[in-house]
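Understanding the architecture of this molecule
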Amino acid sequence: MKQKLEVTSSRPYSIFLGVGLEDLGAYLEKELGGIEHLLIVTHPRVKEHYLERLINGFSAFQCDVLVVPPGEEEKSLERLSKLTSEAVACGADRHSVVLALGGGVIGDLAGFFASVYMRGIRFVQIPTTLLAQVDSSIGGKTAVNHPSGKNLLGAFYPPLVVWTDFSTLETLPWEEVLNGLAETVKHAVLGDAALFSFLETNQQKIIDRIPEIYQELTSRSLQVKVRVVMEDEKEKGQRMLLNLGHSFGHALETEAAYQGISHGKGVSIGMIAATYLAEARGLITSAEVKRILDLVKGLGLPIQIQGKDPEILLHLMEADKKNQKGQKVLILPDKIGHALVVRDACDEEILQAWNKVIIK
């Protein structure tokens, strides 16, 4: 299934779904032109499985490959500096193009590197994980982490194109699939009740990894994100809705120093905490809360975490980029398929939500 979605923004770009890695070279040569040097930033496992297929389509270009070790901790200023040194050694200049071949870490890191190298060079997103395909490769957000919080240093920097080959999901470990499913459920909860029903109906097929189901959920999940991004490119209003679960989830990731809890698991638990808070406010019915809990659990995603201090997590939420004038800004669902930006959340109710998802 080949599909093309258009993102209209300050720098419009296309999202291609169901295309082959080996076909990207012909597209770049035909549509963009003036490219001579490609700088491929990738992950060791992705390199092993897919780099050869990608490079086979690049006979017209000089290619250099920069390999980044696995782990969220690699989204750092230290790694950014190393990439810069390696790029200079490869002769990368303002006409070079960065290709982000990998998952969310690679996309965020390579995109931010492209945004600052020589004051900005072109880059392409080639997402190989479900998380990157349904979420992180879209919207132009690029960033690295800081000890004070996740993604605190970054830029809005759209790619030239997003090139998605679904066959890369075939070698993806189930734990990585879960990361993407968490974001898909999030998109359904905040913006597409029909997608939520699709996920409910097809839980077993999702667990069985039926390719057609994944293509469908990817396309529908992306449509939610693209719609929201086009309404608010720089996250000044409605785009904040895409952070449902992230205020809580990022606090968990930061507290764990990006070790031991994946982004998807953080978002899953965070989304449940936000849902409990919404229920306590009377925004969402207990019946819909149960549906969300049942779907999340049914897909094998966590709804609780053990051994955390809610006071520490509350403090870490103060570094959230959405916060305004000292107030914690949260995204809360008010029904399945719709969410609200809430600017008056108090510490007491946030702690109550944390206590519902923390196992003592």
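Quick summary incoming for the structure in this document.

About the thresholds
Residues numbered from 1 in each chain as written. Predicted model: local features only at pLDDT ≥ 70, side-chain atom pairs only at ≥ 80, totals over all residues. Heavy atoms only, no water. Helix = DSSP H or I, 4+ residues; strand = E, 2+ residues; numbered from the N terminus. Rg over C-alpha atoms; globule rule 2.2 N^0.38 Å. Buried < 20%, exposed > 50% of the residue type's maximum accessible area, 1.4 Å probe, protein only. Contact = heavy atoms within 4.5 Å. Areas by Shrake-Rupley, 256 points an atom, 1.4 Å probe, with all protein chains shown as cover. Lys, Arg positive; Asp, Glu negative; His and termini not counted. Charge placed at Lys NZ, Arg CZ, Asp CG, Glu CD. Pairing = 2+ DSSP bridges. Right-handed = clockwise from strand over helix to strand, strands pointing away. Patch = residues over 30% accessible without salt bridge, like charges linked within 9 Å, V, L, I, M, F, W, Y side chains within 5 Å. Salt bridge = Lys/Arg side-chain N within 4 Å of Asp/Glu carboxyl O. Phe/Tyr/Trp six-rings, centres within 6.5 Å; stacked < 30°, edge-to-face > 60°. Lys NZ or Arg CZ within 6 Å of the ring centre and 35° of its normal. Expected span 1.5 Å × (residues − 1). Arc of directions from axis to C-beta. Core = buried A, V, L, I, M, F, W, Y, C linked by side-chain atoms within 4.5 Å.

Side note on the overall build of the protein chain
- Each helix and strand in the protein chain was counted, giving 14 helices and 13 strands.
- The C-alpha radius of gyration computed for the protein chain amounts to 20 Å, which stays within 12% of the reference 21 Å derived for 360 residues, consistent with globular compactness.
- Considering the protein chain as a whole, with its 360 residues, one finds that 58% of them fall into the buried category.
- In the protein chain, 76% of the contacts between residues at least 6 apart in sequence involve partners at least 24 apart.
- Roughly 14500 Å² of accessible area belongs to the protein chain as shown, and the carbon and sulfur atoms make up 51% of that amount.
- One way to put it: in the protein chain the 38 positive side-chain charges average out to a point 3 Å from where the 45 negative ones average out.

Here we look at the pairing of strand β6 (residues 122–127)
- Within β6, five of the six residues are buried, which leaves the element mostly enclosed by the surrounding structure.
- Bridge analysis of strand β5 (residues 97–102) against β6 gives six bridges, and the strand direction is parallel. Following the sheet pairing, V98 is matched in β6 by F123.
- Crossover handedness for the path β5 to helix α4 (residues 104–116) to β6: right-handed.

Concerning a nonpolar patch on the surface
- A cluster of nonpolar side chains, contributed by I55, V65 and V67, occupies part of the molecular surface with about 170 Å² of accessible area.
- Considering the arrangement of structural elements, one finds V67 in strand β4 (residues 62–67).

A short note on the side chain of T275
- Within the fold, T275 resides in helix α11 (residues 263–280).
- Residue T275 is classed as buried on the basis of its relative accessible area, which comes to 1%.
- Among all residues touching T275, those that are not within four sequence positions of it are I284, V289, I292 and P333.

Let's talk about the environment of V185
- Summarising the element assignment, V185 is placed in helix α6 (residues 174–191).
- Its relative accessible area of 1% is what places V185 among the buried residues.
- Distance from V185 to S268, taken between C-alpha atoms, is 8.5 Å for residues 83 residues apart in sequence.
- The residues touching V185, leaving out its near neighbours within four places in the chain, are L199, M271, L295, V296 and L299.

Comments concerning the environment of Y214
- Its place among the elements puts Y214 in helix α9 (residues 211–231).
- Under the relative-accessibility criterion, Y214 is labelled buried at 6%.
- The residues touching Y214, leaving out its near neighbours within four places in the chain, are L130, W174, V177, L181, K205, I206 and R209.

As for the packing of aromatic side chains
- Taken as a whole and judged by the stated rule, the model has seven aromatic pairs.
- Both rings, one in F113 and one in Y117, keep their centres 5.1 Å apart while their planes meet at 35°; by these two values the pair is tilted.
- F113 sits in the buried class, given a relative accessible area of 1%.
- Classification of Y117 as buried rests on a relative accessible area of 5%.
- Put simply, the rings of F16, Y27 and W163 touch in pairs and so form one group of aromatic residues.
- Stacked on the ring of Y157, the Lys or Arg R11 has its end atom at 4.5 Å from the ring centre.

Some words on helix α12 (residues 286–298)
- With 13 residues, α12 extends 18 Å between its outermost C-alpha atoms, agreeing within 8% with the 18 Å of an ideal straight helix rising 1.5 Å per residue.
- Residues of α12 that are buried include every one of E288, V289, I292, L293, L295 and V296, and no others. The arc enclosing the buried residues of α12, seen along the axis, measures out at 165°, which places them on a common side. Away from the buried face of α12 by more than 90 degrees, exposed residues S286 and A287 are located.
- Looking at the buried residues of α12, the elements they touch are α6, α7 (193–201), α8 (203–207), α11 and β11 (328–335).
- At the exit of α12 stands G300, carrying a positive phi of roughly 90°.

Let's talk about the side chain of S136
- Here S136 lies in helix α5 (residues 130–136).
- Judged by relative accessible area, which is 16%, S136 ranks as buried.
- Residues within four places of S136 in sequence aside, it is in contact with G104, D108, Q125, L131, K141 and K225.

Section: the nonpolar core
- One finds L130, L181, L199, L217, F248, I350 and W354 to be the most contacted residues of the largest nonpolar core, which totals 67 residues.
- Excluding its chain neighbours within four sequence positions, the residues that come into contact with L181 are L130, W174, I206, Y214, L217 and L301.
- By size, the runner-up hydrophobic cluster in this structure holds 22 residues, among which are L38, F61, L99 and W163.

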